[in-house]
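Residue-level structure breakdown
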Amino acid sequence: MQKLGKNVNGYRGETIDIRAVLEDCVAAACACAWAIEEMQAAQGLSLLAFTRTASRANHRAARIYISTGIHGDEPGGPLAARLLLQENQWPASLDLWLCPCLNPTGFALNRRENAEGIDLNRQYLQPRAAETVAHIGWLQRQPSFDLCLCLHEDWESHGFYLYELNPDNQPSVAQAIVEGVAKVCPIDRSEIIEDRAAQNGIIRPSVDPRSRPEWPEAFFLLTHKTRLSYTLEAPSDFPLRTRVAALVAGARSAIEAIGSG
Ligand SMILES: [Zn+2]
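The model shown is predicted, which means the values in this text are computed figures rather than measured ones.

Reading guide: rules and limits
Residues numbered from 1 in each chain as written. Predicted model: local features only at pLDDT ≥ 70, side-chain atom pairs only at ≥ 80, totals over all residues. Heavy atoms only, no water. Pairing = 2+ DSSP bridges. Helix = DSSP H or I, 4+ residues; strand = E, 2+ residues; numbered from the N terminus. Contact = heavy atoms within 4.5 Å. Axes fitted to C-alpha atoms, helices over the stretch in contact; angles between N-to-C directions. Parallel < 35°, antiparallel > 145°, perpendicular 65-115°, else oblique. Left-handed = near helix turned anticlockwise from the far one by under 90°. Nonpolar A, V, L, I, M, F, W, Y, C, P; charged D, E, K, R; others polar. Core = buried A, V, L, I, M, F, W, Y, C linked by side-chain atoms within 4.5 Å. Buried < 20%, exposed > 50% of the residue type's maximum accessible area, 1.4 Å probe, protein only. Donors = N, O, S within 2.8 Å, 3.2 Å for Na, K, Ca; no water. Tetrahedral: all angles 85-135°; square planar, octahedral: opposite > 155°, others 65-115°. Phe/Tyr/Trp six-rings, centres within 6.5 Å; stacked < 30°, edge-to-face > 60°.

**Things to note about the sheet that holds strand β1 (residues 35-42)**
Across the sheet, 10 strands lie side by side as β1-β2-β4-β3-β5-β10-β6-β9-β8-β7; this open sheet has mixed pairing. Only two strands of the sheet have a single neighbouring strand rather than two, namely β1 and β7 (192-193). Pairing of strand β6 (residues 161-165) with strand β10 (residues 229-235) involves five bridges; the strand directions are antiparallel. The residue bridging Leu 162 from the neighbouring strand is Leu 232, located in β10. Here helix α2 (residues 76-87) sits on the sheet and contacts β2 (45-52), β3 (62-68), β4 (94-99) and β5 (147-154); the angle it forms with β3, its principal contact strand, is near 140°.

Here it is, written out as structure tokens:
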């Protein structure tokens, strides 16, 4: 599979009608008994969150959080969230949290930032964007998670890759994710990706969030909500269907690996 060669100086591929995609997500979530919440960010601007619990009084299910759509020029993420909801194939004993679009105004403009020009994925230490304030407020009302997955796309990459944040050296699901994705999408096997050392599509940055001033969502999650976080990056110079398949396969592989671990 070859890159399309469309992405010159940025994402130049297909765009999505985010409102329609989110309506589909709500319909699928309703049909499968998810709880649906709207986080009010500003006048006329809310973010959706879906929750599905399997825990019972005598049994604590694994808790998995999935978010996407924080960058408005990465349509593969919300489409992957929609497909995950529509296919509704989850291991029975999981508690699930799913935020299908953290930057609705960015998608309307097909740009990374929100309508005010703020990169929401740099807001999580000192948030001023209404979306991030609302999202953090909602996250603080949720329990901790055993696994967090943030679904992204990278317009420059030569294939799929991921970032793993696993400071306690828990059993890694990185290899399982890459193997799952490799069935549907090329893997970027470069030794350097985004200026970081990579191995078979896996970047394990040794960063202390406290040393960084502009936190991505994953740093907030790692600091406050989880000890195991993956950021999945689909290559957005490949066909949209391939990228959606990559993110869905990656999420499924991670979930299955946690469920069977
Ligand atoms: Zn992104």
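**Focus on the packing of helix α4 (residues 130-140) against helix α6 (residues 217-224)**
Taken N-terminus to C-terminus, the directions of α4 and α6 make an angle of 25°; their axes are 12 Å apart at the nearest point. Judged by the angle between their axes, α4 and α6 are roughly parallel. The handedness of the crossing between α4 and α6 comes out as right-handed. In this structure, α4 uses His 135, Ile 136, Leu 139 and Gln 140 to contact α6, whose residues at the interface are Glu 217, Phe 220 and Leu 221. Partitioned by chemical class, the residues of the contact of α4 with α6 number four nonpolar, two polar and one charged.

**Focus: the nonpolar core**
Among the nonpolar cores identified, the biggest contains 50 residues, and Leu 149, Phe 160, Ile 177 and Tyr 230 are the most heavily contacted of them. Element by element, the count of residues in this core is highest for helix α7 (residues 240-260), at nine residues. Look past the residues within four positions of Phe 160 in its chain and what remains in contact with it is Ile 177, Val 181, Cys 185, Pro 186, Ile 187, Asp 188, Gly 201, Leu 232, Glu 233, Ala 234, Pro 235 and Ala 246.

**Quick word on the coordination of the zinc ion**
Surrounding the zinc ion are the protein donor atoms His 71 (ND1), Glu 74 (OE), Glu 74 (OE) and His 152 (ND1), at 2.1 to 2.4 Å. For the zinc ion, the four donor atoms in the first shell make angles of 57 to 150° at the metal, so the coordination geometry reads as irregular. Motif for the zinc ion, donor spacing along one chain: H-x2-E-x77-H. The same class applies to His 71 and to Glu 74, which are both buried.

**Considerations on unusual backbone geometry**
With a phi angle near 65°, Asp 195 is a residue other than glycine that sits in the positive phi range. Position of Asp 195 among the secondary structure elements: in the loop between β7 and β8 (196-199). One non-glycine residue, Asn 200, adopts positive backbone phi at about 50°.

**Here's the deal with α4**
Residues of α4 that are buried include every one of Glu 131, Thr 132, Ala 134, His 135, Ile 136, Trp 138 and Leu 139, and no others. The secondary structure elements touched by the buried residues of α4 are β1, β2, β3, β4, α3 (104-109) and α6.

**Examining the environment of Asn 169**
Topologically, Asn 169 is positioned in the loop between β6 and α5 (174-182). On the accessibility criterion, Asn 169 (68% relative accessible area) is exposed. Spatially, the C-alpha atom of Asn 169 lies 9.2 Å from that of Arg 227, the residues being 58 residues apart in sequence.

**Some thoughts on the packing of helix α1 (residues 18-31) against α2**
Taken N-terminus to C-terminus, the directions of α1 and α2 make an angle of 20°; their axes are 9 Å apart at the nearest point. Taken as axis vectors, α1 and α2 run roughly parallel relative to one another. In terms of crossing hand, the pair formed by α1 and α2 is left-handed. Here Ile 18, Val 21, Asp 24, Cys 25, Ala 28 and Ala 29 of α1 lie close against α2, whose contacting residues are Pro 78, Leu 79, Arg 82, Leu 85 and Gln 86. Residues that form the contact of α1 with α2 fall into these classes: eight nonpolar, one polar and two charged.

**Brief notes about the packing of aromatic side chains**
Under the counting rule described, the total for this entry stands at seven aromatic pairs. Between the aromatic rings of Tyr 124 and Phe 220, the centroid separation amounts to 6.2 Å while the plane-to-plane angle is 55°, which identifies the pairing as tilted. Here the residue Tyr 124 occupies a position in the loop between α3 and α4, and Phe 220 occupies one in helix α6, the gap between them amounting to 96 residues. Taking relative accessible area as the criterion, Tyr 124 reaches 3% and is therefore assigned buried. For Phe 220, a relative accessible area of 3% gives the class buried. Where Tyr 161 meets Tyr 163, the ring centres are 5.8 Å apart and the plane angle is 70°; that geometry is what we call edge-to-face. By relative accessible area, Tyr 161 is classed as buried at 1%. Using a relative accessible area of 17% as the deciding quantity, one classes Tyr 163 as buried. Pairwise contacts between aromatic rings join Tyr 65, Trp 97, Trp 138 and Phe 145 into one cluster.

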